[in-house]
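# Structural overview for review
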Amino acid sequence: MKQYLVTGYDYTDEGALQRRMDVRPHHLDNLKELKESGNFLIGGAVLNDEGNMMGSVMIMQFETDEALEAWKQNEPYITQKVWESVDVKPFKVAVV
């Protein structure tokens, strides 16, 4: 499987944090399914200086780039406008 470092950067408008909190249960349900299928390895929220969530970092793996794109098309943080931008880089988890 191909591995990816996915970084999502939240919108910065006044309602951004509340939107994230409203969508978060759907995002986490989606990740539970991805964990069960072996696509989600690890991830979490990026915090600002006040300790509020302002983005996400995840290590994901998919068989193909097309499968990654299909996930992006259905990711609640993308479809519900929590993440303003998403950066995806090829990644290799170290085996130690």
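Residues numbered from 1 in each chain as written. Predicted model: local features only at pLDDT ≥ 70, side-chain atom pairs only at ≥ 80, totals over all residues. Heavy atoms only, no water.

### Structural notes on helix α1 (residues 16-36)
Along its 21 residues, α1 runs 29 Å from first to last C-alpha, staying within 8% of the 30 Å computed at 1.5 Å per residue. Its axis deflected by about 45 degrees at Val 23, α1 carries its strongest bend there, up to four residues before the proline Pro 25. Buried within α1 are the following residues: Ala 16, Arg 20, Val 23, His 27, Asn 30, Leu 31 and Leu 34. Where α1 terminates, the next one or two residues include Gly 38, which has phi positive at roughly 85 degrees. (Helix = DSSP H or I, 4+ residues; strand = E, 2+ residues; numbered from the N terminus. Expected span 1.5 Å × (residues − 1). Bend = angle between axes of the 7 residues up to and from the residue. Buried < 20%, exposed > 50% of the residue type's maximum accessible area, 1.4 Å probe, protein only.)

### Some points on the side chain of Asn 30
With respect to the helices and strands, the residue Asn 30 is situated in helix α1. Apart from the residues lying within four places of it in its own chain, the contact partners of Asn 30 are Trp 71, Asn 74, Glu 75 and Pro 76. (Contact = heavy atoms within 4.5 Å.)

### Comments concerning the sheet that holds strand β2 (residues 40-47)
Ordered in space as β2-β3-β1-β4, the four strands form an open sheet in which the pairing is antiparallel. With partners counted over all chains shown, the strands left at the sheet margins are β2 and β4 (83-91), one partner each. The mean angle between the axes of side-by-side strands here comes to 15 degrees, regardless of whether they run parallel or antiparallel. Relative to strand β3 (residues 53-62), α1 is tilted by about 15 degrees, and along the sheet it contacts β1 (2-10), β2, β3 and β4. (Pairing = 2+ DSSP bridges. Axes fitted to C-alpha atoms, helices over the stretch in contact; angles between N-to-C directions.)

### Details of helix α2 (residues 65-74)
Residues Leu 68, Trp 71 and Lys 72 constitute the buried set of α2. Take α2 and look down its axis: the buried residues cluster within an arc of 100 degrees, on one side only. Set apart from the buried face of α2 by more than 90 degrees, the exposed residues are Glu 66, Gln 73 and Asn 74. On its buried face, α2 is in contact with β1, α1, β3, α3 (76-79) and β4. (Arc of directions from axis to C-beta.)

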